[in-house]
Amino acid sequence: MSLDRRDFFKTMGIAGLTLAIGNESSAKPVGNQETEFFGMLFDATLCIGCGSCLKACSKSNQLPAPEGEIEPGVIQKTSESRRAVINNYNTSKGEVYIRNQCMHCNEPACAAACLTKAMHKTKEGPVVWDADRCMGCRYCMVSCPFDVPKFEYHSANPRIQKCDMCYSRIEKGKIPACAEACGDALIFGTRRELIAEARKRITENPDDYVDQIYGEHVAGGTGVIYLSPVPFKELGVKQGLQNASYPSLSKGFLYSVPSVFIILPTLLLGIHEATKTNEQNHEH
Amino acid sequence: MNISSKQIESLKLREPGTPMIKFLWEQLKPRGAWLTPFNLISIPIIFLGIGLIVIRFWKGIGSITNLTQETPWGLWIGFDVVTGVAFAGGAYVITFMVYILKIRKYHSIVRVTVLNGFLAYVFYAGALLLDLGRPWNVVNPIIGNGFGTSSVLFLVAWHFLLYMIAELIEFSPAIAEWLGAKRAHKILSGMTIAAVIFGITLSTLHQSGLGALYLMAKDKIHPLWYSEFIPVLFLVSSVFAGLSMVIFEGSITHKVFSDKISDSNHKAHHGIIHGLSKICTAAMFAYFFLQLLVFIHGKHWTYLNTSMGYWYLVEMIGFVVIPMLIYFIGYRRNKLLLIRIAAILTMLGIIINRLNVTVIGFRWDATPHYVPSWMEIVVTLTVIFTEIWIFRWVINRMPVLQESPSWVEESK
């Protein structure tokens, strides 16, 4: 699934924006227009745990091949050498496989946390990391509610490792390596299309799915969304996260800074002037 | 007579006409006894720490720290930076009282407090470099290789940098007096008020900013320590954290450097500590009240009967209410000893509070929970000891505790 040209035009029209000339393969916005961004849909009812998406991921990103079998109850985590994992949970509906990687949030906490914009959300959708800017402060790791960014603690020139939705492939008009390798349980497309597709699947097969799209609202909405046959809490998916975006938590503080910078010095200068006479009286 | 000759002996300011290079070379030489207990403890630790720092840059941060993917910030951020900066809060409170409110009583401790604050910031910025994975990129947010203006850390970094400059300007007249630079002294003294106003503004913003760093970690910090009021709590607690440090540090320097302090300042010392204890009592009361509001507003009763809840009560009662009461009694009865005990308890409480937010309560549920390695502790001690060495070097050479040279008064 790739960008549907007609939907693209329609969205732009609704947004009331004028549209320059676009072409079929281009995912980039034309001129200074914003396009809707890409995401991925993982459908846990369809995943059989073959692991081909993981092999494609490590190959495409020059990382060591995945080790360890996908076994029920053996919970693997993403790490500095693995950008995605698949785990098998024993659930109320038997064994269910679920993938874990960067959620590519609509409004990512990691990007808001980054003081050099080394971590940033591209206009195409993937949240990517730029080695030339990163100071290695790891504030992105502190802030990410999904604990996604991983740090190479044992390197003198450490990088932050996380899924970048194969951004370099997307730029060339290709789809992420994992989605290409799977083509069934993991599909790529614009987020709006994916939400529509997910909702369609739930409506058409209400017995096969729980009536929830994980990622539709959580953390302000994520680029990677999930469908599941069982409640998500059975699949080790992060529970209890807020629906507002995480950067909204520090907005109040950030907005107060300019006012403090105006009000406080003025106030201090005022008191300083007002107390001048006191000092003179004191000295004479 | 004896005291004044000793004073002249200890403070060798540059006489006009002495070549600068020769003067500086002589100032670099060590003075006094070498085999003091402090030196015997600190020197081996500093050397061990330097060795560990070499390993850290060679093999990566993971080679000497216990940091994990779940706990990316440990002792070096939680203690060296977040706690240390709270202790440096005395500088903005004292400069506010002396230069803005013009309370002359505290004038004699301005320089030593500002020096303390300045060195604290320089060393914590230095400690921060050890914790950065890619420290060669540290200038990026300053030179504009990506202005992450949506980041609280971006503000904190800029405020740190600007505040260090403001404090250096505030302290610079002492350096000018040391170097015998009369014209520079005049210019730098003229900049003091601007630096003070700028410095206080920056201080309030980054004291609260250090708390605001953790706002996005809402789901990772234990609910008893997370609230949207963390920035306010950090700001209010930095007032009494800083002043307790002034009391503690003042009491020590008073003993160690007693030969450098004039008789009038010796007498003023008691009154200063007495006055500060009153401010601490008030600030701690405000802080406790805020904490209580946060607790009740957050409906945290259910957490109290857990091990983290007991720990919370230890912090709030043992290290906020009790030192507050001791400060109050010490103030009312004018007992210096009680005030000093309260200062030490308060400082322990600040350490506990900052570590609860940043390390102990941060991913308290993760298994295994992060505990700093002995090597992280040694590096932290290295930072603190090196700072004390520099502090001692400056106190022994510049007019910080001592009176300014006579030409300062003449040129007024």
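Computed from a prediction, not measured in an experiment: that's the story for all the values here.

**A closer look at the overall build of chain A**
A tally of regular secondary structure across chain A gives nine helices and nine strands. Within chain A, the fraction of its 284 residues that count as buried is 52%. Nonlocal contacts in chain A, meaning residues at least 24 apart in sequence, comprise 56% of its contacts between residues at least 6 apart. In the form shown here, chain A has an accessible surface area of approximately 13,400 Å², with 53% of it arising from carbon and sulfur atoms.

**A word on the overall build of chain B**
When its secondary structure is counted, chain B shows 17 helices and zero strands. Here the C-alpha atoms of chain B give a radius of gyration of 22 Å, agreeing with the 22 Å that 2.2 N^0.38 yields for 412 residues. By its C-alpha atoms, chain B is 70 × 55 × 45 Å across when sized along the principal axes. Each of the 412 residues in chain B was classed as buried or not, and the buried ones make up 56%. Intrachain contacts of chain B at a sequence separation of at least 6 include 80% that bridge at least 24 residues. Put simply, chain B shows about 17,800 Å² of open surface, and 72% of that area lies on carbon and sulfur atoms. Within chain B, one finds 32 positive and 21 negative side-chain charges whose respective centroids are separated by 4 Å.

**Some words on empty space enclosed by the protein**
Residues and elements named next belong to chain B. What the rule picks out here adds up to eight cavities of 30 Å³ or more. Empty space within the largest cavity amounts to approximately 190 Å³. For the largest cavity, the lining is made up of 16 residues, of which S108, I109, H254, H269 and L401 are closest to its centre. If you list the elements that add at least two residues to the lining of the largest cavity, you get α6 (110–131), α11 (230–256) and α12 (263–297). In terms of residue class, the lining of the largest cavity is made up of eight nonpolar, seven polar and one charged. Computed from the structure, the second largest cavity encloses a volume of approximately 110 Å³. Around the second largest cavity, the lining comprises 14 residues; the ones closest to its centre are W225, L233, Q291, N353 and V357.

**A look at the environment of B:V383**
Topologically, B:V383 is positioned in helix α16 (residues 374–397). Once you skip the residues sitting within four places of it in the chain, B:V383 turns out to touch B:D80, B:F123 and B:A127.

**With respect to the environment of A:G51**
Inspection of the secondary structure puts A:G51 in the loop between β1 (38–43) and α2 (52–60). Judged by its relative accessible area of 9%, A:G51 is buried.

**A few points about the pattern of salt bridges**
As a working rule, side chains carrying opposite charge can pair if their charged atoms are close by. Residues and elements named next belong to chain A. All chains considered together, the criterion is met by 20 salt bridges over all chains. Two residues, E180 and R169, come together in a salt bridge whose shortest N-O distance is 3.1 Å. Remark: R169 occurs in helix α5 (residues 167–171) and E180 occurs in helix α6 (residues 177–182); sequence separation between them is eleven residues. When its relative accessible area of 14% is taken as the criterion, R169 is described as buried. The shortest N-O distance in the salt bridge between K200 and E197 comes to 3.7 Å.

**A short note on the sheet that holds β1(A)**
Residues and elements named next belong to chain A. Taken together, three strands build an open sheet; the order of strands is β8-β1-β9 and the sheet is mixed. Each edge of the open sheet is held by one strand with a lone partner, namely β8 (186–190) and β9 (224–227). The sheet shows a mean angle of 25° between the axes of neighbouring strands, taken without regard to direction. Here five bridges tie β1 to β8, and the two strands are oriented antiparallel to one another. Note that in β8 the partner of F42 across the bridge is L186. Packing against the sheet, helix α7 (residues 191–204) makes contact with β1, β8 and β9, and its axis sits at approximately 130° to β8.

**A closer look at the confidence of the model for chain A**
Per-residue confidence for chain A gives a mean pLDDT of 85, with 85% of residues at or over 70. Long-range and interchain partners of residues 1–34 of chain A, a stretch whose pLDDT sits below 50, account for 38 contacts in this model, where long-range means more than four residues apart.

**A look at the packing of helix α5 (residues 90–100) of chain B against helix α10 (residues 192–212) of chain B**
Relative orientation and spacing of two packed helices are given, respectively, by the angle between their axes and the distance between those axes. Residue and element names in this part refer to chain B. Contact geometry of α5 with α10 gives a least axis separation of 10 Å together with a crossing angle of 145°. Of the two elements, α5 crosses α10, and the hand of that crossing is left-handed. Mapping the contact onto sequence places Y92, T95, F96, Y99 and I100 in α5 and T192, I193, V196, I197, I200, S203, T204 and Q207 in α10. Along the lines of polarity and charge, the residues of the contact of α5 with α10 split into eight nonpolar, five polar and no charged.

**Some thoughts on the packing of aromatic side chains**
Per the counting criterion, the structure on display carries 20 aromatic pairs over all chains. A centroid spacing of 6.3 Å and a plane angle of 80° characterise the contact between B:Y214 and B:F362, whose relative ring orientation is edge-to-face. Here the residue B:Y214 occupies a position in the loop between α10 and α11, and B:F362 occupies one in the loop between α15 (336–360) and α16, the gap between them amounting to 148 residues. Per residue, the accessibility class of B:Y214 equals that of B:F362, and both read buried. Grouped by ring-pair contacts, the aromatic residues A:F42, A:Y214, A:Y226 and A:F232 constitute a single cluster. Between A:K121 and the ring centre of A:F37, over which it is positioned, the NZ or CZ distance is 4.3 Å.

**Some points on α7(A)**
Its 14 residues place the ends of α7(A) 20 Å apart at the C-alpha level, agreeing with the 20 Å of an ideal helix rising 1.5 Å per residue. Residues of α7(A) that are buried: A:R191, A:E193, A:L194, A:I195, A:E197, A:A198, A:R201 and A:I202.

**Observations regarding the interface of chain A and chain B**
Every contact between the two is made by 60 residues of chain A and, on the other side, 65 residues of chain B. Counting the surface lost from both chain A and chain B, the interface buries some 5,200 Å², and carbon and sulfur atoms represent 61% of this. Remark: the boundary between chain A and chain B carries four salt bridges. Notably, a salt bridge pairs B:D131 with A:R138, separated by 2.7 Å at the nearest N-O pair.

**Here's the deal with a nonpolar patch on the surface**
Residue and element names in this part refer to chain B. A surface patch of nonpolar side chains, about 410 Å² in accessible area, is lined by F248, I252, V256, I344 and L348. If you list the elements that add at least two residues to the nonpolar patch, you get α11 and α15. Per element, the largest residue contribution to the nonpolar patch is three residues, and it comes from α11. Tracing the backbone shows L348 in helix α15. Judged by relative accessible area, L348 falls into the partly exposed class, the value being 40%.

The rules we used
Residues numbered from 1 in each chain as written. Chains lettered and ligands numbered in written order. Predicted model: local features only at pLDDT ≥ 70, side-chain atom pairs only at ≥ 80, totals over all residues. Heavy atoms only, no water. Helix = DSSP H or I, 4+ residues; strand = E, 2+ residues; numbered from the N terminus. Buried < 20%, exposed > 50% of the residue type's maximum accessible area, 1.4 Å probe, protein only. Contact = heavy atoms within 4.5 Å. Areas by Shrake-Rupley, 256 points an atom, 1.4 Å probe, with all protein chains shown as cover. Rg over C-alpha atoms; globule rule 2.2 N^0.38 Å. Lys, Arg positive; Asp, Glu negative; His and termini not counted. Charge placed at Lys NZ, Arg CZ, Asp CG, Glu CD. 1 Å grid on protein atoms, 1.4 Å probe; cavity = no way out; pocket = protein on both sides within 12 Å on 5 of 7 lines; lining within 4 Å. Points joined across faces, edges and corners; volume = space filled by probe spheres on them. Nonpolar A, V, L, I, M, F, W, Y, C, P; charged D, E, K, R; others polar. Salt bridge = Lys/Arg side-chain N within 4 Å of Asp/Glu carboxyl O. Pairing = 2+ DSSP bridges. Axes fitted to C-alpha atoms, helices over the stretch in contact; angles between N-to-C directions. pLDDT = per-residue confidence, 0-100. Left-handed = near helix turned anticlockwise from the far one by under 90°. Phe/Tyr/Trp six-rings, centres within 6.5 Å; stacked < 30°, edge-to-face > 60°. Lys NZ or Arg CZ within 6 Å of the ring centre and 35° of its normal. Expected span 1.5 Å × (residues − 1). Buried area = accessible area lost by both parts, 1.4 Å probe. Patch = residues over 30% accessible without salt bridge, like charges linked within 9 Å, V, L, I, M, F, W, Y side chains within 5 Å.

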